[in-house]
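Below, each chain spelled out in residue letters.
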Amino acid sequence: MPFIISKVNVSISNEQELQLKKLLGRAIELIPGKNENYLMVSFEQNCKIYLRGENQPCAFIEVSIFGNENHVGYDKFIAAVTKIFNDVLKIPAQNIYLKFEDITAWGVNGTFIDRNEFL
């Protein structure tokens, strides 16, 4: 299950949040085997984030992905997410940072899932 957490130092309206959720649901499909049916997203707005010593519009986006240690599709996904946050929230592309976490094991529905089970 992919999990995307975004932390931004701007406000997000309800309309923008729904638009971001929808577009991230499409973008996750750029990573093979991933889709919106298993996507979890979280939005943190108005965070106190300073970039280059200044309070300017910026985003820090954490993406946790299960079972894609070779990072297939990450380049296209990064481009899409950067465009999404630029288009929807007007955050300059150079102020949007993504961090990936490779997940090798999950727990869901009371069950332990190990990446090795899928190899």
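Look a little higher up for the structure.
Analysis parameters
- Residues numbered from 1 in each chain as written.
- Predicted model: local features only at pLDDT ≥ 70, side-chain atom pairs only at ≥ 80, totals over all residues.
- Heavy atoms only, no water.
- Helix = DSSP H or I, 4+ residues; strand = E, 2+ residues; numbered from the N terminus.
- Phe/Tyr/Trp six-rings, centres within 6.5 Å; stacked < 30°, edge-to-face > 60°.
- Pairing = 2+ DSSP bridges.

Turning to the environment of Thr 111, a few remarks are in order. You can see Thr 111 is positioned in strand β6 (residues 111-114). Placed 95 residues apart in sequence, Thr 111 and Gln 16 show a C-alpha to C-alpha distance of 34 Å.

On to the packing of aromatic side chains. Scanning the entire structure with this criterion turns up two aromatic pairs. With centroids separated by 4.2 Å and ring planes inclined at 15°, the aromatic side chains of Tyr 74 and Phe 100 adopt a geometry described as stacked. Of this pair, Tyr 74 sits in helix α2 (residues 74-89) while Phe 100 is found in strand β4 (residues 96-103), placing the two residues 26 residues apart along the sequence. Consider the rings of Phe 77 and Phe 100, whose centres lie 6.2 Å apart with planes at 65°: the pair is edge-to-face. A residue pair is termed long-range when its members are at least 10 positions apart, and Phe 77 in helix α2 and Phe 100 in strand β4 qualify at 23 residues.

Once that is clear, we can look at the pairing of strand β5 (residues 105-108). Summarising the sheet, β5 and β6 pair through four bridges and their orientation is antiparallel. Among the inter-strand pairings, Gly 107 is bridged to a residue of β6, identified as Phe 112. Linking β5 to β6, which pair antiparallel, is a turn of two residues; within it Asn 109 sits at a positive phi near 55°.

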